[in-house]
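# Summary of the model geometry
Below, each chain spelled out in residue letters.
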Amino acid sequence: MKNFDLASVGKEIPYDIPNGFLSESSAKILGRISSYEKKRMMRRRRVVVMYYAAAVLAIGIVAGIAFYPQKSNQQIDYVLKHVSDNDLQKLEKTVTSDPFY
Amino acid sequence: MVEEDGIIINLLRNSKHREKGAGLLLAKYQQRIYWYIRRVVVSHEDAEDILQETFFNAYRYFDKFEGNSGLYTWLYKIATNEYLKFIAKHKAEFISESYLLDKVSEESIKDSDEIFILLQKALQTLPEKQKLVFNLHYYEDLDYSDISGITGDNVNNLKANYYHAVQRIKEFIISQ
């Protein structure tokens, strides 16, 4: 080809695209976007649930420490009063025979 | 056109209407971006893969769009990055000029005017930067300042690239 002038050639592209390609492609991309959005929402929900669970656990631990029922001396006296002498001796023997006592 | 883009941008920035915004973005720009990619990769299947990644990433990272450039410039930029990633992954094929020239013959419609086929072949003989600049300026009618926003090169560099691209294309076609 001896004479070639770019300005006069035009911009036609000699390639073809399959029928309905653009609408199929749109559907594919939108489908991918939709499943990405679902995953993103699930992830966000999971993070919120984890935060709530951690907060509830923390409150539970603090409340448990604060309100844990302490054995009063009265309760201990009551128990000691109702243990037989025999059992008390056995208990004392067990304690004193403990090598780490 | 700019007004329409404003609507699309607002929808994409609104968490409740983002998907609707994506639909409008595709309706307006999908064809244009497809042909931009297709001219450089030649194969329809490769163009489709890059197109999918381009629009998915445009949606995913839309919060990074600051609005300093046009929406279409931003899309061309993502498409260009996806194209460069694609050819880096398929280096062996894209480095070979004969592979691309054969691909042009293979993909061309049989009864096309020969000059259009030759022009696409000539495009494939260009270095990567010249190929992109020629594609954006000649086919997409983008001005050099928009192209500069896409490739990151200064306008004078782009003009030089375009000039050299045209010279090489002429030489290729005359030699055929």
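The text that follows walks through the structure, step by step, so that each part is easy to find. (Residues numbered from 1 in each chain as written. Chains lettered and ligands numbered in written order. Predicted model: local features only at pLDDT ≥ 70, side-chain atom pairs only at ≥ 80, totals over all residues. Heavy atoms only, no water.)

### Observations concerning the side chain of B:Asp46
Residue and element names in this part refer to chain B.
- You can see aspartate 46 is positioned in helix 3 (residues 44-60).
- We note that aspartate 46 is buried and unpaired, the nearest opposite charge coming from lysine 103 at a distance of 6.0 Å.
- Contacts of aspartate 46, omitting those with residues within four sequence positions, involve Val41, Phe86 and Phe94. (Helix = DSSP H or I, 4+ residues; strand = E, 2+ residues; numbered from the N terminus. Buried < 20%, exposed > 50% of the residue type's maximum accessible area, 1.4 Å probe, protein only. Lys, Arg positive; Asp, Glu negative; His and termini not counted. Salt bridge = Lys/Arg side-chain N within 4 Å of Asp/Glu carboxyl O. Contact = heavy atoms within 4.5 Å.)

### Re the packing of helix 2 (residues 18-41) of chain B against helix 8 (residues 128-139) of chain B
Residue and element names in this part refer to chain B.
- Viewed as axis vectors pointing N to C, helix 2 and helix 8 meet at an angle of 140°, and their least axial separation amounts to 10 Å. Judged by the angle between their axes, helix 2 and helix 8 are oblique. Considering how the two elements wind past one another, helix 2 and helix 8 form a crossing that is right-handed. Of the residues in helix 8, those in contact with Tyr36, Arg39 and Val40 of helix 2 are Lys131, Leu132, Asn135, Leu136 and Tyr139.
- A per-class count over the contact of helix 2 with helix 8 returns five nonpolar, one polar and two charged. (Axes fitted to C-alpha atoms, helices over the stretch in contact; angles between N-to-C directions. Parallel < 35°, antiparallel > 145°, perpendicular 65-115°, else oblique. Left-handed = near helix turned anticlockwise from the far one by under 90°. Nonpolar A, V, L, I, M, F, W, Y, C, P; charged D, E, K, R; others polar.)

### Details of the interface of chain B and chain A
- Contacts between the two partners involve 43 residues from chain B, matched on the other side by 27 residues from chain A.
- Counting each side, the surface lost to burial between chain B and chain A is near 3500 Å², with a carbon and sulfur contribution of 66%.
- At the surface where chain B touches chain A, the tally comes to four salt bridges.
- The closest approach of N and O atoms between B:Arg18 and A:Glu37, which form a salt bridge, is 3.6 Å.
- For the pair chain B and chain A, the number of links is 12 residue pairs in polar contact (both at pLDDT 80 or more).
- Secondary structure elements with two or more residues in the side of chain B that touches chain A: helix 2, helix 3, helix 6 (97-107), helix 7 (114-124), helix 8 and helix 10 (155-175) of chain B.
- With 11 residues, the top contributor of residues to the side of chain B that touches chain A is helix 2 of chain B.
- The class makeup of the residues in the side of chain B that touches chain A is 24 nonpolar, nine polar and 10 charged. (Buried area = accessible area lost by both parts, 1.4 Å probe. Polar contact = N/O pair within 3.5 Å; in protein donor to acceptor, adjacent residues only side chain to side chain.)

### Looking at the nonpolar core
- Core analysis: the largest hydrophobic core is formed by 71 residues, its most contacted members being B:Leu25, B:Ile33, B:Ile37, B:Phe55, B:Leu71, B:Phe134 and B:Ile173.
- The element best represented in this core is helix 2 of chain B, accounting for 11 residues.
- Every residue in contact with B:Phe55, bar those within four places of it in the chain, is listed here: A:Ile29, B:Leu25, B:Leu26, B:Tyr29, B:Gln30, B:Ile33 and B:Leu75. (Core = buried A, V, L, I, M, F, W, Y, C linked by side-chain atoms within 4.5 Å.)

### Notes on the pattern of salt bridges
- Taken as a whole, this structure holds 14 salt bridges over all chains when the rule is applied.
- Here B:Lys103 makes a salt bridge to B:Glu106, at a shortest N to O gap of 3.4 Å. With B:Lys103 and B:Glu106 both in helix 6, this residue pair falls three residues apart, about one helical turn.
- Of the residues examined, B:Lys103 reaches a relative accessible area of 15% and is grouped as buried.
- We note a salt bridge from B:Glu128 to B:Lys131, for which the minimum N-O separation is 3.9 Å. Of this pair, B:Glu128 and B:Lys131 both sit in helix 8, separated by three residues, roughly a single helical turn.
- You can call B:Glu128 partly exposed: its relative accessible area is 27%.
- Linked through salt bridges whose partners overlap, the residues forming this network are A:Glu37, A:Arg40 and B:Arg18.

Shape is all these values report; function is a separate question.
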